[in-house]
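Commentary on secondary and tertiary structure
If you want the building blocks of each chain, they are given just below.
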Amino acid sequence: MSYIYDAGAPWQKQALQGINLRIEDGEFVGIVGPTGSGKSTLVQHLNGLILPTGGKVLVDDIEVGTDRRRMKELRRKVGLVFQYPEQQLFEETVRADIAFGPGNMELDPDEIDRRVEWACEAVGLESEVLDRSPFELSGGQMRRVAIAGVLAMKCQVLVLDEPTAGLDPRGRAAILNQLKALNRSGMTMIMVSHSIDDLAKLADRIVVMWEGRIGMQGETREVFRHFDQLQKMSLDVPQIAQIMLRLKEAGLPVTTDVLTVDEAAEALAQVFREGQICCAGPA
Ligand SMILES: Nc1ncnc2c1ncn2[C@@H]1O[C@H](COP(=O)(O)OP(=O)(O)OP(=O)(O)O)[C@@H](O)[C@H]1O
Ligand SMILES: [Mg+2]
């Protein structure tokens, strides 16, 4: 598919071209790429917020945009958390905001209350904020409210555009763990992130966006093997892989094929066990 902003105007902007992407049920897909490469434009197609100007977007058997009656079904299937959460909040209280999505799903009021509580806990929101206006909250709290509102719909597919921007490290880790747990329970996750380190830990597959096209895609470990190609696209490999690369350049016979600190620790332990390093002690 492709997408042109303001098609036909002299200032039209081709934001996506030649995108050919297939995502399976239950996958955790990470989307990376420099600023302006088309990540947000791409993910906004997934629940029909914007419609392709060329080609097709299919979610199961729903062709996004062609059948107006099925848009409601699509929005229940695919939840989207916007890059700028304040664009997503509009109710008078946090409680009403989180309840808005499930409120449109013909659920009984008790179930809606249960979902609001569950979603709040999942994103680490204190119950005191439930009766406040979302617009009085800090940026990090707003983001949590926006995520909670989408979680509460219990969609089959969750699309998150930079979900942890602006959160402190503990809040970030809590939300990422929650997303991983939801994915393990079968929810398909599609996450745009500038944090290569987060994606290295979470994603099964990485899609690299570059100038409106897919620059590279593949299994996470495979994509992060391409240090040079990623660097050309202004991207890094995970920090832990960079450290291993430096150790290797310094002469240690270690693998650089690591995605997490645990994997790196294991690789270093192995080098020590095999006696390939001697610690210089006093003679
Ligand atoms: N509403 C809009 N009108 C016109 N052009 C737009 C609009 N939104 C985005 N663009 C342009 O489309 C291209 C892709 O933008 P997009 O927001 O999808 O990038 P992104 O990869 O999400 O960037 P970031 O990492 O900064 O969020 C950019 O050149 C951008 O300037
Ligand atoms: Mg964006």
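The rules behind these values
- Residues numbered from 1 in each chain as written.
- Chains lettered and ligands numbered in written order.
- Predicted model: local features only at pLDDT ≥ 70, side-chain atom pairs only at ≥ 80, totals over all residues.
- Heavy atoms only, no water.
- Axes fitted to C-alpha atoms, helices over the stretch in contact; angles between N-to-C directions.
- Helix = DSSP H or I, 4+ residues; strand = E, 2+ residues; numbered from the N terminus.
- Parallel < 35°, antiparallel > 145°, perpendicular 65-115°, else oblique.
- Left-handed = near helix turned anticlockwise from the far one by under 90°.
- Contact = heavy atoms within 4.5 Å.
- Nonpolar A, V, L, I, M, F, W, Y, C, P; charged D, E, K, R; others polar.
- Buried < 20%, exposed > 50% of the residue type's maximum accessible area, 1.4 Å probe, protein only.
- Pairing = 2+ DSSP bridges.
- Near = heavy atom within 4 Å.
- Polar contact = N/O pair within 3.5 Å; in protein donor to acceptor, adjacent residues only side chain to side chain.
- Areas by Shrake-Rupley, 256 points an atom, 1.4 Å probe, with all protein chains shown as cover.
- Domains from an automatic or database assignment.
- Salt bridge = Lys/Arg side-chain N within 4 Å of Asp/Glu carboxyl O.
- Core = buried A, V, L, I, M, F, W, Y, C linked by side-chain atoms within 4.5 Å.
- Phe/Tyr/Trp six-rings, centres within 6.5 Å; stacked < 30°, edge-to-face > 60°.
- Donors = N, O, S within 2.8 Å, 3.2 Å for Na, K, Ca; no water.

1. Here we look at the packing of helix 3 (residues 94-103) against helix 4 (residues 109-123)
At a minimum axis separation of 9 Å, helix 3 and helix 4 run at an interaxial angle of 120°. In terms of axis orientation, helix 3 runs oblique to helix 4. Crossing angle aside, the handedness with which helix 3 passes helix 4 is right-handed. Residues Arg95, Ile98, Ala99, Pro102 and Gly103 of helix 3 form the contact with helix 4, whose participating residues are Ile112, Arg115, Val116, Ala119 and Cys120. Of the residues assigned to the contact of helix 3 with helix 4, the class counts are 7 nonpolar, 1 polar and 2 charged.

2. Comments concerning the pairing of strand 3 (residues 28-32)
Across a regular strand the side chains alternate sides, sitting on one face of the sheet and then on the other. Burial of strand 3 is extensive: 5 of the 5 residues sit out of reach of the surface. Of the two faces of strand 3, both are covered, the one formed by Phe28, Gly30 and Val32 as well as the one formed by Val29 and Ile31. Note: strand 3 against strand 8 (residues 188-192), 4 bridges, orientation parallel. Bridging across to strand 8, Gly30 finds its partner in Met191.

3. Quick look at the site of ligand 1
Around ligand 1, 13 residues are found, and the nearest of them are Gly36, Lys39, Ser40, Thr41 and Gln83. Taking Tyr5, its side chain carries an N or O atom lying 3.4 Å from a nitrogen atom of ligand 1. One of the side-chain nitrogen or oxygen atoms of Lys39 is found 2.7 Å away from an oxygen atom of ligand 1. About the coverage of ligand 1: the protein hides 66% of its 630 Å² of free accessible area. At the level of elements, strand 2 (13-16) and helix 1 (39-44) are the ones that each hand at least two residues to the shell around ligand 1. The greatest single-element share of the shell around ligand 1, amounting to 3 residues, is contributed by helix 1. Of the residues that constitute the shell around ligand 1, the class distribution is 3 nonpolar, 8 polar and 2 charged.

4. Regarding the domain arrangement of the protein
In terms of domains, the protein is made up of domain 1 (3-220) and domain 2 (238-277). Taken over C-alpha atoms, the centre of domain 1 sits 35 Å from the centre of domain 2. In this structure, the connection of domain 1 to domain 2 is made through 0 salt bridges. The interface formed by domain 1 and domain 2 includes 1 residue pair in polar contact (both at pLDDT 80 or more). Considering each element in turn, the side of domain 1 that touches domain 2 owes the most residues, 4 residues, to helix 7 (residues 196-202). When the residues that make up the side of domain 1 that touches domain 2 are grouped by side-chain class, the tally is 2 nonpolar, 1 polar and 2 charged.

5. Comments concerning the nonpolar core
Nonpolar side chains in soluble globular proteins tend to end up buried together. Counting residues in each nonpolar core, the largest one holds 59 residues, and the members touching the most others are Ile98 and Val208. In terms of residue count, the dominant contributor to this core is helix 5 (residues 139-151) (7 residues). There are two domains that each give this core at least three residues, and those are domain 1 (3-220) and domain 2 (238-277). In this structure Ile98 touches Val116, Ala119, Cys120, Leu125, Leu130, Val145, Ala148, Gly149 and Ala152, once residues within four positions along its chain are discounted. Core analysis: the next-biggest nonpolar cluster, separate from the first, contains 25 residues, Leu46, Ile62, Val157 and Val159 among them.

6. A closer look at the packing of aromatic side chains
Scanning the model with the defined rule gives 2 aromatic pairs in all. Considering the side-chain rings of Tyr3 and Tyr5, the 4.8 Å spacing of their centres and the 85° angle between planes classify their relative orientation as edge-to-face. Both rings, one in Phe90 and one in Phe100, keep their centres 4.9 Å apart while their planes meet at 85°; by these two values the pair is edge-to-face. Placement of the pair is Phe90 in the loop between strand 6 (78-81) and helix 3 and Phe100 in helix 3, with a sequence separation of 10 residues. Residue class for Phe90 comes out partly exposed when judged on its relative accessible area of 47%. Among the residues examined, Phe100 registers a relative accessible area of 37% and is labelled partly exposed.

7. Topic: the coordination of the magnesium ion (ligand 2)
Ideal values differ by geometry: the angle at a metal is 109.5 degrees with four tetrahedral donors, but 90 or 180 degrees with six octahedral donors. Coordination sphere of the magnesium ion (ligand 2), protein contribution only: Ser40 (OG) and Gln83 (OE1), at 2.0 to 2.2 Å. Taken together, the positions of Ser40 in helix 1 and Gln83 in the loop between strand 6 and helix 3 put the pair 43 residues apart, joining distant regions of the chain. Judged by its relative accessible area of 18%, Ser40 is buried. You can call Gln83 partly exposed: its relative accessible area is 22%.

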